[in-house]
Amino acid sequence: MNWCEYPGWFVGSEVLQNYGCRMASGLWITVQLVFFSVLLGFVLAFGIAVARLYGPRWAAAIVNGYTTFFRGTPLLCQLFLVYYGLGQFRVFWQDIGLWWFFRDPFYCALLTFTVNTAAYQAEILRGAIQSIPRGQFEGALSLGLHRWATLRLVVMPQAMILALRPLGNELIVMIKSSAVASLVTLFDLMGATRLAFARSFDLSIYLYAAMIYLVLVEIIRRVWDRVELRLSRHIALR
Amino acid sequence: MLDKLALLGFGPEGWGWALLQGAGITISIALATLPFGLALGLVVALGKRSDKVLLRGLATAYTTIFRGVPELLTLYIIYFGIQIVLQELWQTLGLPGSFSIPPFGAGMVALGVVLAAFSSEVWVGALNSIQKGQREAAAALGLSKGQAFRLVVLPQLVRVALPGLGNNWMVLLKETSLVSVITLPDIMFITTRANVVTKEPFLFFGAAMLIYLFFSLVSARTIDRLERRANRGFATFGGATR
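Conventions we followed
- Residues numbered from 1 in each chain as written.
- Chains lettered and ligands numbered in written order.
- Predicted model: local features only at pLDDT ≥ 70, side-chain atom pairs only at ≥ 80, totals over all residues.
- Helix = DSSP H or I, 4+ residues; strand = E, 2+ residues; numbered from the N terminus.
- Contact = placed C-beta atoms within 7 Å.
- Buried ≥ 20, exposed ≤ 12 C-beta atoms within 10 Å, placed from the backbone.
- Core = buried A, V, L, I, M, F, W, Y, C linked by C-beta atoms within 7 Å.
- Expected span 1.5 Å × (residues − 1).
- Bend = angle between axes of the 7 residues up to and from the residue.
- Nonpolar A, V, L, I, M, F, W, Y, C, P; charged D, E, K, R; others polar.
- pLDDT = per-residue confidence, 0-100.
- Axes fitted to C-alpha atoms, helices over the stretch in contact; angles between N-to-C directions.
- Parallel < 35°, antiparallel > 145°, perpendicular 65-115°, else oblique.
- Left-handed = near helix turned anticlockwise from the far one by under 90°.

Chemist: Let's hear about the overall build of chain B: which residues, and what values?
Modeler: Scanning chain B from N- to C-terminus turns up eight helices and zero strands. Here the C-alpha coordinates of chain B stretch approximately 70 × 60 × 25 Å along the principal axes. Taking all contacts inside chain B whose residues are at least 6 apart in sequence as the whole, residues at least 24 apart take part in 70%.

Below, the structure is given as structure tokens:
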């Protein structure tokens with residue numbers, strides 16, 4: 001017996017035992033997908049937020065359009081547009097040697113989730129940076145700090161503490177939203193569960209999947225609370 | 001490329017009417033879910049603030065579960081779950097044939113319970129912002145607890161809760177795209193079918209994006225108006241409340 005069959009065996013569920021290994025590998029795909037998209041999305045979001053706040057007017061306008069577009073449309077629709085829609089231009093992708101990327105549902109989901117979460121995270125970062133009092137910027141300027149140094153040494157350390165909680169929420173939202181990846185033939189946790197249900201017609205497999213998601217989200221929530229408490233330990237309790 | 005745009009039109013080849021119908025379904029399921037979800041959310045919020053430990057525990061468990069489980073999974077569980085339960089009920093009652101739940105109802109229930117979980121957080125925040133003195137004054141005027149809630153607390157609650165509830169609405173609007181998986185013919189369902197028939201996914205999913213974007217922009221503007229209206233008596237002090 002494989003290790004991934006034990007949970008099902010332990011709770012006495014035949015369907016969970018039979019599909020335990022598929023669900024475990026599905027969970028791994030979900031974790032990878034969310035981890036990389038949120039991480040890459042954060043990098044992108046930082047650039048977007050800075051462009052929005054400090055960039056020229058045209059850059060701010062483009063960024064505004066970007067966030068409005070991706071926050072105003074469903075993730076499912078974006079995913080279909082990337083996977084099916086961009087996949088339509090197969091010849092073009094083959095010509096420039098990118099077909100391997102747009103052929104693969106994992107990379108398509110990764111791309112979609114990254115640009116989607118970047119839009120949300122950019123708004124979070126923008127709000128956090130904007131709520132730093134003006135005096136902080138002026139103080140840095142009077143100390144002779146360069147604009148970039150001000151951002152890196154003075155503003156961001158303070159803004160990140162403010163942004164931490166909403167960013168944690170965004171991470172949790174992404175874990176839940178990542179379930180739509182199963183609709184473009186990706187066997188993430190949701191995809192593996194759908195497969196198990198389609199073959200066994202045992203509804204309990206959905207309940208087990210719900211429990212796995214719930215545990216995952218709760219773990220992240222608790223860890224995040226700890227991190228926040230630790231990072232803000234120099235600030236009086238609010 | 002231009003000849004393909006005819007596929008979105010209202011001609012014999014066009015999917016225009018189908019798309020409009022899909023848009024109608026999307027907006028109607030969102031509008032039908034809203035009052036149900038918000039009312040249930042308020043009940044959950046009152047449960048969370050209750051003196052009874054059991055009620056508090058139940059309300060907390062409710063929000064933890066429905067905020068932690070993916071909406072897609074909730075939708076499947078409710079759709080298939082209700083189906084199985086009703087099916088058994090149907091058979092024990094000895095009725096002929098079989099019963100199948102309408103996807104609209106299942107979608108509404110699933111989106112509603114999730115909306116309730118999220119909106120309850122907003123309601124709790126708003127309830128906390130109503131000062132104790134308001135209830136005490138209402139009691140001093142001889143209003144019953146129910147009257148105090150309905151006549152004193154609720155009108156003030158709406159103003160504070162509106163921004164959060166507006167957010168909930170925007171999320172709900174986008175979540176309706178998931179009901180296409182239980183065969184409700186909303187925008188996503190129609191465009192998916194159009195894609196199968198015409199093999200023009202970029203065109204149709206792009207069109208779907210624009211429809212959703214339109215709904216989002218209209219919603220944002222409406223919410224903004226509502227907030228301004230709700231705040232109309234409060235802006236006199238330098239607009240500090242906004």
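Now that the structure is up, let's keep going.
Chemist: I'd love a proper account of the overall build of chain A, names of residues and values included.
Modeler: The helix and strand inventory of chain A stands at 11 helices and zero strands. Starting at the N terminus, the α and β elements of chain A follow one another as α-α-α-α-α-α-α-α-α-α-α. Each principal axis of the C-alpha atoms in chain A carries an extent, and together these give about 70 × 55 × 25 Å. For chain A, the proportion of its 238 residues judged to be buried stands at 37%. Sequence separation of at least 24 residues holds for 71% of the intrachain contacts in chain A that already meet a minimum separation of 6.

Chemist: Let's hear about the nonpolar core: which residues, and what values?
Modeler: As a rule of thumb, nonpolar side chains are buried together in soluble globular proteins. Ranked by size, the top nonpolar core spans 115 residues in total, and within it A:Leu76, A:Cys77, A:Leu125, A:Ala209, B:Leu73, B:Leu75 and B:Ala208 carry the most contacts. Among residues more than four places away in sequence, those in contact with A:Ala209 are A:Leu189, A:Met190, A:Thr193 and B:Leu73.

Chemist: So what's going on with helix α4 (residues 103–129) of chain B? Which residues, and what values?
Modeler: Taking 1.5 Å per residue, 27 residues should reach 39 Å; α4(B) reaches 38 Å between its end C-alpha atoms and fits that length. B:Ser119 marks the point of greatest bend in α4(B), at about 30°.

Chemist: Can you lay out the interface of chain A and chain B for me, pointing to particular residues and giving the numbers?
Modeler: Taken together, the contacts link 25 residues of chain A with 28 residues of chain B. When residues of the side of chain A that touches chain B are traced back to their parent elements, those giving at least two are α4 (75–85) and α11 (204–231) of chain A. No other element matches the eight residues that α11(A) contributes to the side of chain A that touches chain B. Looking at side-chain class alone, the side of chain A that touches chain B contains 19 nonpolar, four polar and two charged residues.

Chemist: Describe the confidence of the model for chain A, listing the residues and the values that go with them.
Modeler: Low-confidence regions, as indicated by low pLDDT, have predicted coordinates that should not be scrutinised in detail. Confidence in the prediction of chain A, expressed as mean pLDDT, is 92, and 99% of residues score 70 or more. By mean pLDDT, the top-scoring element of chain A is helix α7 (residues 105–130) of chain A (96), and the lowest-scoring one is helix α1 (residues 6–11) of chain A (85).

Chemist: Got a sec to walk through helix α1 (residues 16–48) of chain B? Specific residues and values, please.
Modeler: Taking 1.5 Å per residue as the helical rise, α1(B) with its 33 residues ought to reach 48 Å, and the 47 Å between its terminal C-alpha atoms agrees with that figure. The sharpest bend along α1(B) comes to roughly 30°, located at B:Leu34, with the proline B:Pro35 sitting one to four residues further on.

Chemist: I'd like a rundown of the packing of helix α5 (residues 132–140) of chain B against helix α6 (residues 145–175) of chain B, residues and numbers included.
Modeler: All names here are of chain B. Where α5 contacts α6, the axes come no closer than 10 Å and their chain directions differ by 130°. Put simply, α5 runs oblique to α6. Like other packed secondary-structure pairs, α5 and α6 cross with a definite hand, here right-handed. The segment α5 lies against α6, with Gln134, Arg135, Ala138 and Ala139 engaging Ala148, Val152 and Val153. Taken together, the residues of the contact of α5 with α6 sort by class into five nonpolar, one polar and one charged.

Chemist: Please give an account of the packing of helix α7 (residues 187–198) of chain B against helix α8 (residues 201–230) of chain B that cites residues and values.
Modeler: All names here are of chain B. Look at α7 against α8: their axes get within 8 Å of each other, and the N-to-C directions meet at 165°. It follows that α7 is roughly antiparallel to α8 by the angle criterion. Once α7 is placed against α8, the crossing between them reads as right-handed. The segment α7 lies against α8, with Ile187, Met188, Thr191, Ala194 and Asn195 engaging Pro201, Phe204, Phe205, Ala207, Ala208, Ile211 and Tyr212. Residues belonging to the contact of α7 with α8 are distributed by class as follows: 10 nonpolar, two polar and no charged.

Chemist: I'd like to hear about the environment of B:Ala116, residue by residue, with values.
Modeler: All names here are of chain B. Position of Ala116 among the secondary structure elements: in helix α4. Ala116 sits in the buried class, given 25 other C-beta atoms within 10 Å. Through-space distance from the C-alpha of Ala116 to that of Phe66 is 8.7 Å; in sequence the pair is 50 residues apart.

Chemist: Account for unusual backbone geometry, naming residues and giving values.
Modeler: In this structure, A:Phe201 is a non-glycine residue whose phi angle is positive, near 55°. According to the C-beta neighbour criterion, A:Phe201 is exposed, with 11 such atoms within 10 Å. Even without glycine at this site, B:Thr183 takes up a positive phi of about 60°. For B:Thr183, the position within the fold is in the loop between α6 and α7. Looking at B:Thr183, the number of C-beta atoms within 10 Å reads 11, which means it is exposed.

Chemist: With reference to specific residues and values, describe the environment of B:Ala39.
Modeler: All names here are of chain B. Relative to the helices and strands, Ala39 is located in helix α1. For Ala39, a count of 13 C-beta atoms within 10 Å corresponds to the partly exposed category. For the pair Ala39 and Ser120, spaced 81 residues apart in the sequence, the C-alpha separation amounts to 9.1 Å.

Chemist: Go over the confidence of the model for chain B with me, naming the residues and quoting the values.
Modeler: All names here are of chain B. Put simply, chain B has an average pLDDT of 89, and 95% of its residues get 70 or more. Low pLDDT, under 50, characterises residues 237–242; the stretch is placed with four contacts to residues that sit more than four places away or in other chains. What the predictor reports for the complex is a pTM of 0.91 with an ipTM of 0.90.

Chemist: So what's going on with the environment of B:Met108? Residues and values would help.
Modeler: All names here are of chain B. As for its placement among the helices and strands, Met108 is situated in helix α4. Among the residues examined, Met108 registers 23 C-beta atoms within 10 Å and is labelled buried. The sequence separation of Met108 and Thr176 amounts to 68 residues, and the corresponding C-alpha distance is 9.1 Å. Apart from the residues lying within four places of it in its own chain, the contact partners of Met108 are Ile29, Ala32, Thr33 and Phe36.

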